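Here are the chains, one letter per residue:
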Amino acid sequence: MAGVAPVSVGILGVTGSIGTQALDVIRAFPDRFRLVAVSGHTNSLGLAAIANEFRPERVAVGSADQVAIIRKHMDYDPVIEVGESGLVALATHPMDQLVVAIVGTAALPAVVAAIPHVPHIALANKEVLVAAGSRIMAMVRAHGTRLIPVDSEHSAVFQCLAAVDFNRDRIHHMTLTASGGPFWGRDPHTFDTITPAEALRHPNWDMGSKISVDSATMVNKGLEVIEAHHLFDMAWDRIRVVVHPQSIVHACIETVDGAILAHMGRPDMRYPIQYAMTYPERWATPFKQDGLTALSGLEFFEPDRDAFPWLDLAICCGKAGGVMPIVFNAANEVAVPLFLNGQVSFMGMYDTIRRILDAYAAETVVTIADIIELDKRVKNHVTIRNSLV
Ligand code: NDP
Ligand code: MG
């Protein structure tokens, strides 16, 4: 590719599971990508090592006390930004592309800041679409930003939609697959004995702790239905979920003339990350797939909606709209660490979310600032309520 300038890339959440796999993609194409901006949050040493390897011009850390630590471990002198305002500054750094790999709505101000500035956003984070999907998609349309999903199911839907020229009238419905998580088939009467270590042990994917627990409860699939509704402007009754324990088929669309177009691949996030970073091109990947015979033995089941009541609760909040998906997501973002710290049981995560929803049902939000404020208020409320129990 002599003579073609490399694509300048920023990665928010570079120290995490998706962030480090996005680095693998950049390492695979060293002449075609140039990393210019990165953020971490708590992992200062990991961030310093990444910065030393890729030498981005701008680096953001979570808090001021990390600046001296990271400087001590870096062998060059980039601009260092701090905290929430630092993330926003990083998101508006001049670059061709931004990968958003922060977990949770902490990414929302940065995503909103990036949309008018960065022409191409590879979005792994789903919580921002759950909390502010209609506003984000309106901004994306207004600014002509290219927003490409990284989440494997949404990347799969996106690739299937290309086969019908992104014409939704040609689709009868879309199906997102769910692995079922580590507790698929387990007796629900034993769910209260589930330990954090068991919940973190996902059968097919190696991911960050929050999404691993979300997969164990099936909150993740509920969030993904809401994500798909916004990303693809798809009516709720045209988005289905099936459990597919092998995680080979990531999603499919059924066309109005009866074809089922499925996207298949080994469960490895580097494929959808590379696709989102190289779209609309396809670059020869070093991350090789096994042949079709290695992917055989595929099974599909209806989800167990009684054992995993989070799935319908999330979808119900998504359909209700208004503040409900914001409150659901915020309460879940607190419930997961409460479970991981041993403060609530596995099913206690459901009760924690369920109890908080009514308290906010009558509220309204208009702007993104309102959403950010409500998200913080709900998180404080759930945290305080649980510290008093
Ligand atoms: P990780 O927990 O592995 O990484 C999260 C990243 O966000 C880290 O870089 C972390 O920094 C940073 N971070 C955490 N909290 C904050 C905060 N308050 N402010 C700024 N930065 C913060 O998460 P994953 O990589 O697993 O997931 C990232 C997103 O991608 C999630 O929304 C998830 O749902 C989605 N996703 C993930 C998949 C996966 O396979 N992991 C698959 C599909 C979607 P530090 O580590 O330095 O503290
Ligand atoms: Mg997914």
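Note that the structure is predicted; figures quoted are calculated from it, not measured. Each chain carries its own residue numbering, running from 1 in the direction its sequence is written. Starting at A for chains and at 1 for ligands, labels are handed out in the order in which the entities are written. In view of the model being predicted, local features appear only for residues whose pLDDT reaches at least 70, and side-chain atom pairs are presented and counted only at 80 or more, with totals across whole chains, interfaces and linings using the full set of residues. By convention in this description, side-chain values take in all heavy atoms of the structure and omit both hydrogens and water.

### Things to note about the overall build of the chain
Turning to step 1, where the next piece is worked out: In this text, helices come from DSSP runs of H or I with a minimum length of four residues, and strands from runs of E with a minimum of two, each type numbered from the N-terminal end. For the chain, the helix and strand inventory stands at 15 helices and 11 strands.
Turning to step 2, where the next piece is worked out: Dimensions of the chain, computed from the C-alpha atoms along their principal axes, are close to 55 × 55 × 40 Å.
Turning to step 3, where the next piece is worked out: In this scheme, a residue with accessible area under 20% of its type's maximum is buried, one over 50% is exposed, and one in between is partly exposed, where area comes from a 1.4 Å probe on protein chains only. The buried share of the chain, taken over its 389 residues, is 56%.
Turning to step 4, where the next piece is worked out: It only takes one pair of heavy atoms within 4.5 Å for two residues to be counted as in contact. Sequence separation of 24 or more characterises 66% of the internal contacts of the chain that already satisfy a separation of 6 or more.

### With respect to the domain arrangement of the chain
Turning to step 1, where the next piece is worked out: Per the domain assignment, the segments making up the chain are domain 1 (7–149), domain 2 (155–309) and domain 3 (322–389).
Turning to step 2, where the next piece is worked out: Residue ranges labeled as domains rest on an automatic or database domain assignment. Summarising the inter-unit geometry, the C-alpha centres of domain 1 and domain 3 are found 26 Å apart.
Turning to step 3, where the next piece is worked out: The interface of domain 1 with domain 3 comprises 11 residues on the first partner and 13 residues on the second.
Turning to step 4, where the next piece is worked out: Computed with a 1.4 Å rolling probe, the buried area is the accessible surface lost when two parts are put together, summed over both parts. Of the roughly 920 Å² buried between domain 1 and domain 3 on both sides combined, carbon and sulfur atoms contribute 63%.
Turning to step 5, where the next piece is worked out: One side-chain nitrogen of Lys or Arg within 4 Å of one carboxyl oxygen of Asp or Glu is enough to make a salt bridge. Taken together, domain 1 and domain 3 are joined by 1 salt bridge.
Turning to step 6, where the next piece is worked out: Throughout this description, a polar contact denotes any pair of N or O atoms lying within 3.5 Å of each other; where both atoms belong to protein, one of them has to be capable of donating a hydrogen while the other can accept it, and for residues adjacent in sequence the pair is counted only when both atoms sit in side chains. For the pair domain 1 and domain 3, the number of links is 6 residue pairs in polar contact (both at pLDDT 80 or more).
Turning to step 7, where the next piece is worked out: When contributions to the side of domain 1 that touches domain 3 are tallied by element, the ones reaching two or more residues are helix 5 (108–114) and helix 6 (127–143).
Turning to step 8, where the next piece is worked out: Here the element with the most residues in the side of domain 1 that touches domain 3 is helix 6; it accounts for 5 residues.
Turning to step 9, where the next piece is worked out: Under this grouping Gly is polar, as are all residues other than the nonpolar Ala, Val, Leu, Ile, Met, Phe, Trp, Tyr, Cys and Pro and the charged Asp, Glu, Lys and Arg. Classifying every residue of the side of domain 1 that touches domain 3 gives 6 nonpolar, 2 polar and 3 charged.

### Quick word on the coordination of the magnesium ion (ligand 2)
Turning to step 1, where the next piece is worked out: For the magnesium ion (ligand 2), the full set of protein donor atoms is Asp151 (OD), Glu153 (OE) and Glu224 (OE), at a range of 2.1 to 2.2 Å.
Turning to step 2, where the next piece is worked out: When the donors of the magnesium ion (ligand 2) are listed by position in the chain, the intervening gaps give D-x1-E-x70-E. Of this pair, Asp151 sits in the loop between strand 7 (146–149) and helix 7 (152–162) while Glu224 sits in helix 10 (residues 219–231), placing them 73 residues apart in sequence.
Turning to step 3, where the next piece is worked out: The buried category is assigned to Asp151, whose relative accessible area is 6%. Coordinating donors are taken as N, O and S atoms within 2.8 Å of the metal, stretched to 3.2 Å for Na, K and Ca; because water is absent from the atoms, sites can appear incomplete.

### Quick word on a nonpolar patch on the surface
Turning to step 1, where the next piece is worked out: Surface patches are defined over residues having more than 30% relative accessible area and no salt bridge, joining like charges when they lie within 9 Å and nonpolar side chains (Val, Leu, Ile, Met, Phe, Trp, Tyr) when within 5 Å. In this description, accessible areas are obtained by the Shrake-Rupley approach with a 1.4 Å probe, and a residue is regarded as covered only by the protein chains that are shown. Side chains of Met264, Leu292, Leu298 and Phe300 sit close together on the surface and give an oily, nonpolar patch of about 380 Å² of accessible area.
Turning to step 2, where the next piece is worked out: Among the structural elements, Leu298 can be located in the loop between helix 11 (270–278) and helix 12 (310–320).

### Some words on the sheet that holds strand 11 (residues 260–264)
Turning to step 1, where the next piece is worked out: Any two strands between which DSSP finds at least two bridges are classified as paired. Strand order across the open sheet formed by 4 strands is 9-8-10-11, with mixed pairing between neighbours. Two strands in the sheet have a free side with no partner beyond their single neighbour: strand 9 (239–243) and strand 11. Across the sheet, the mean angle from the axis of one strand to that of its neighbour is 20 degrees, orientation sign disregarded.
Turning to step 2, where the next piece is worked out: By the bridge criterion, 5 bridges tie strand 8 (residues 171–178) to strand 9 in an arrangement that is parallel. Its bridge partner lying in strand 9, Thr177 is registered against Val242.
Turning to step 3, where the next piece is worked out: Where helices are involved, their axes are fitted lines through C-alpha atoms of the stretch in contact, as for all axes, and angles between N-to-C directions lie from 0 to 180°. Across the face of the sheet, helix 7 comes into contact with strand 8, strand 10 (249–255) and strand 11 while running at roughly 35 degrees to strand 10.

### Focus: the site of ligand 1
Turning to step 1, where the next piece is worked out: Working definition: residue near molecule or strand if any one of its non-hydrogen atoms lies within 4 Å of it. Close to ligand 1 lie 24 residues; Thr15, Ser17, His41, Thr42 and Glu127 are nearest.
Turning to step 2, where the next piece is worked out: In the environment of ligand 1, an oxygen atom lies 2.8 Å from a nitrogen or oxygen atom belonging to the backbone of His41.
Turning to step 3, where the next piece is worked out: The contact in question runs from an oxygen atom of ligand 1 to an N or O atom on the side chain of Thr42, over 2.5 Å.
Turning to step 4, where the next piece is worked out: Counted by class, the shell around ligand 1 contains 11 nonpolar, 10 polar and 3 charged residues.
Turning to step 5, where the next piece is worked out: Each of domain 1 (7–149) and domain 2 (155–309) gives at least three residues to the shell around ligand 1.

### Quick notes on helix 7
Turning to step 1, where the next piece is worked out: Summarising burial for helix 7: 10 of the 11 residues are buried, a large majority.
Turning to step 2, where the next piece is worked out: Along helix 7, the residues that are buried comprise Ser152, Glu153, His154, Ser155, Ala156, Val157, Phe158, Gln159, Cys160 and Leu161.
Turning to step 3, where the next piece is worked out: Where helix 7 is buried, its residues meet strand 7, strand 8, helix 10, strand 10, strand 11 and helix 11.

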